[in-house]
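Examining the three-dimensional arrangement
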Amino acid sequence: MGHKPSNAAGLPKSKLYIPQLAPFQQMRWRLVLFVLLFVFVTLGVIELITLPRMQTQAEEQIFKQLDSVAKLKQDQITIWFNNSQASLNLLLTEPFIEKLAQVLSTSSPSSEQQEALNKVFRNALASAWVGEQPLFTNLFAYTPNGYILLSADPMQTGKNIRRYAYYRPSIENSAQKPYYPLGSATLSMVLTKQVYTPDHGVVGIVAAQLNMEFLSSFMVQRSGLGDTGETYLVSRESNYLLTPSRAEGSPLTQACHSIGVDTALAGENGAKSYADCHTTPVLGVYRWLPSLNAALLAEISQAEAFKEVSAAQSMNLGAALVIALVAIVMGMFFAAGFTRPIQTLTMVATRIAQGDLEHRVPVQSNDELGILAITFNSMAEQLKQMLQELEQRVAARTMDLQQALEQREQTLADLQASLSVREQLSATIRMLSSPILPVGKHMLVVPLIGVLDPERAGLITHEILHRIEVDHPHTLIIDVTGVPLIDNQIAMTLVETAQATRLLGVQPVLVGIRPDIAQTMVSLGVDLSILDTQADLQTAIVRYEKV
Amino acid sequence: MQSPLDTRLHQARFLRLALVLVFCCLANACGTVTPAAQAPTLTPLALQLAWMPTAEYAPFYVAQQQGYYKAEQIDMTFLPRGEQPATELVAAGKAQFGIASADRILLARDAGQPLVAIATLYQRCPIVYISLAERNITKPQDLIGKIVEVDTSGTTGIVYRAFLKSQEIKPEQVTMRVQPDVTNDALRLVNGEVDVIDGFFNAQPLQVTQMGKQTNLIFVSDYGIDIYPNTIFTTESMIKEHPDQVTQFLRATLKGIDAAIANPEAAAESVIAVDKTQNLGVEQQTMQLALPMFKPTGSVVGMMTDENWRLTYQMLVDQQMLKNPIAVNTAYDLSFLKVIYGT
């Protein structure tokens, strides 16, 4: 059998089974996971709440801004409109109206009359200025038939304007709309006022050609709207732009459709995020301007509008991620603070389990783990002492046992000696107790003395037979006077011996049977017929001496 | 090395797959055959044009290319300008629809051709008297003593006479030259051969500008003369026997006009798609200028007025061009427009 390795204590090293932990079982990763989950859930909730709010707040802000811009422009347009209307009304005051009516109702007025009134128109035109621009580009008057009789611009006199868009509304006294005159790519708009006399009714119409440059200048003004923000007007007529748009490739005469434009042209004001006519996502405020038969739009691209808030959101998210990372790292350090001492403890315990009792756990912290380390160390120390004590005791016991063993061995030796003496004695007795004496010439006498155990009996038989062979007696006399007890076994042995003797041609004779033995043998039913029994030895000798 | 059993298995699998594929192909082929057989047939209709492909006809090309005619179950064909006027060809049955000016319709009716106008492309008359800017010919009276080249063959001739009459200019006060050919009039103006030419304001002036000269225009429509230059007409029998086809055709055409107005640049491109010899830039400009004619402020596309027809008729009567008096309202029918607009 092989020699088992042993440790310092002399005890055999046991195979220690320490299970390998999968990462998800390890405490340190569980702690990290916990921190991770906690951090992410918390931050996630915070982000879910704050980010959309930031978005909506930014949106609201932009809409407010756009709305105020739209309102501003609308007011500008209204003021300009009212101003123009007021200027026209101002022109048509007595006594001018009278003169006008007179000329208009005449079938063929004189050129002087006409020229005089034309001059008034020209003066009015020259005086109606706002800032750097004239309010009107022309003032003229036409008959109910549409024939221009008077005009500040002589080019227009003589024309018939029945087919023009403003004619019908001027006759019906309904609202005017902007229109594109034939042959011109620029928008026109005319404010008209009927010239009325109590006698003749409507004798003619005075028209003021509005300077549409104002409109463009209002709308094109883009301060405060950033890089992509703009305001523009879209006409209900074919959804054409009335004022230019910033966007590349947006001609005035191209239908512009978007949620903002179409809703406003349907008469509804509002603010929404939608895709503009060029499919750019914008935040837009839209208003319906009935006086111009157009929609007013104030838009800014969503990309620009949300640029700041996007940056803020990104920063927010970035900060959250950084915090998450820091938390994870901290979590890992914190976890390590737990798991490392535990691992050290495990390692030391393993060593100790393997038998190395000198190892101790370093006490590194002033907390529960430190206490555990201290306790563990004291336990190890205890173990060591206990073991030492045990060893000592064992040694002592062993020594005792050794002594006892030696004693025993001594006793054994003594016993052994006495046993051999005894055996010797027994052999001597045996020898002494079973002599085979030749008597006469042809007789052997065997006086048996003592207990007859089968072994002795065997020996005797063997000796007897050997002597018979040597001495050739006629008779063998067995004297059992000295045998205290004869049991069945002995009786049988005697019988067997007698039979053997007989076979060898020797007459076996049994003498010395005591009365108690005779009783026992009879009760046993022993058949000793083979043997000749005599009362005693003398008798037997005498009897068979002569044979 | 495959065992015989494996080989058999593979063969069986392959055979199954092949069968499935063949079956699929057959089913597919059958599938594609049947729908065609079940598709409703398109009505073949033809429109006789009166001029070469130009922005004026862009609505038709747009409608064709956008599939508006197909959506109305019409297989539309545009017949190019022929030797004979469109009115003759349609009356002869070569096409169901045609383009002609309002005066031509009236004259055709006078000649016994039962033609009826159902809508118009231009709602204003684009005829102008064009002169080089430096000549300062800005008012009708400025024509007196000038050489004016007039295309007397058609509407422009009628317009010229009516114009002079309305402005109280006697014909002899103006040196009128009959237009020898239709292509070089702008050239003759720039050369100085003539002082004034007539034409459409969105056509010849562009040619002159291309030659580097500025123009002055006198619009006849500014002076009360407004003939529809390009009405869409059909025959009385079409209206009687196939009014639904007329409505469908007109609906698709009006849709085409609206689409052309919504995107004039694409409309110009649709003309180039039909005739690559045309110049995209010119067509775009022509289209831009035509917009107020296709849809004047306050009107809807295709619309005609009784007043305009009446005035046109009056012009013909004044110039004694009609043999017999005509009931004007038989020459045009606004009912199809009304049906489409739901008025």
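See the structure above.
An account of the accompanying structure is given in this report. Just so it is clear, the structure is predicted and the values come from calculations on it, not from any experiment.

The next point concerns the state of the cysteines. All names here are of chain A. According to the stated counting rule, one finds one disulfide over all chains in the structure shown. A sulfur-sulfur distance of 1.7 Å marks the disulfide that ties Cys256 to Cys277. Between Cys256 and Cys277 the disulfide shows an S-S torsion of about 70°. By sign, it is right-handed. Pair noted here: Cys256 is in the loop between strand S7 (230-235) and helix H6 (259-265) and Cys277 is in the loop between strand S8 (270-275) and strand S9 (281-289), with a separation of 21 residues, a long-range link.

Right, let's talk about the pairing of strand S10 (residues 294-301) of chain A for a bit. Residue and element names in this part refer to chain A. Of all eight residues that make up S10, eight are buried, and the element is covered over most of its length. Burial along S10 is two-sided: the residues Ala294, Leu296, Ala298 and Ile300 and Ala295, Leu297, Glu299 and Ser301 are all buried. Taken together, the eight bridges between S9 and S10 define a ladder with antiparallel strand orientation. By the bridge assignment for S10, Leu283 is matched with Ile300. Between S9 and S10, which follow one another and run antiparallel, lie four residues, and Asn293 among them has a positive phi close to 55°.

So, on to a nonpolar patch on the surface. Residue and element names in this part refer to chain A. A cluster of nonpolar side chains, Met27, Phe334, Phe338 and Ile342, forms an exposed patch at the surface whose accessible area comes to about 350 Å². Ranked by the residues each element gives to the nonpolar patch, the list is headed by helix H8 (residues 307-353), at three residues. Note that Phe334 resides in helix H8.

Further remarks concern the nonpolar core. Within soluble globular proteins, side chains that are nonpolar tend to cluster in buried spots. Membership of the largest hydrophobic core comes to 162 residues, with the highest contact counts inside it found for Trp80(A), Leu100(A), Phe121(A), Leu292(A), Phe60(B) and Trp309(B). In terms of residues, this core owes the most to one element, helix H1 (residues 27-91) of chain A, which gives 13 residues. Among all residues touching Phe121(A), those that are not within four sequence positions of it are Leu91(A), Phe96(A), Leu100(A), Leu139(A), Phe140(A), Ala141(A), Leu150(A), Ser151(A), Ala152(A) and Val206(A). With 27 residues, the next largest nonpolar core counts Ile460(A), Ile468(A), Val483(A) and Leu531(A) among its residues.

Two residues of an α-helix separated by three or four positions point the same way, owing to the 3.6 residues in each turn. Among the residues of helix H2 (residues 96-105) of chain A, Phe96(A), Ile97(A), Leu100(A), Ala101(A), Val103(A) and Leu104(A) are the ones counted as buried. Buried-residue contacts for H2(A) involve H1, helix H3 (111-127), strand S3 (136-142), strand S4 (148-151), strand S5 (190-197) and strand S6 (201-210) of chain A.

About the thresholds
One numbering rule holds for all chains: residues counted from 1, following each sequence as written. Each chain is given a letter, starting from A, and each ligand a number, starting from 1, according to the order in which they appear as written. With the structure being a predicted model, the display of local features is reserved for residues of pLDDT at least 70 and the display and counting of side-chain atom pairs for 80 or more, all residues being used for whole-chain, interface and lining totals. With hydrogens and water stripped out, all remaining heavy atoms of the structure feed into the side-chain values. Pairs of cysteine sulfur atoms within 2.5 Å are what we label disulfides. Strands are runs of DSSP state E lasting at least 2 residues, helices are runs of H or I lasting at least 4, and numbering of each runs from the N terminus. Exposure classes here rest on a 1.4 Å probe applied to the protein chains alone. A residue is buried below 20% of its type maximum, exposed above 50%, and partly exposed in between. What makes two strands pair is DSSP finding at least two bridges between them. A patch consists of residues exposed above 30% relative accessible area that lack any salt bridge, with like charges linked at up to 9 Å and nonpolar side chains (Val, Leu, Ile, Met, Phe, Trp, Tyr) linked at up to 5 Å. Note on areas: Shrake-Rupley with a 1.4 Å probe; residue coverage comes only from the protein chains shown. For this analysis, a salt bridge means a side-chain nitrogen from Lys or Arg found within 4 Å of a carboxyl oxygen belonging to Asp or Glu. By convention a nonpolar core is built from buried Ala, Val, Leu, Ile, Met, Phe, Trp, Tyr and Cys residues, the set being connected through side-chain atoms within 4.5 Å. Should any heavy atoms of two residues lie within 4.5 Å, those residues are counted as being in contact.

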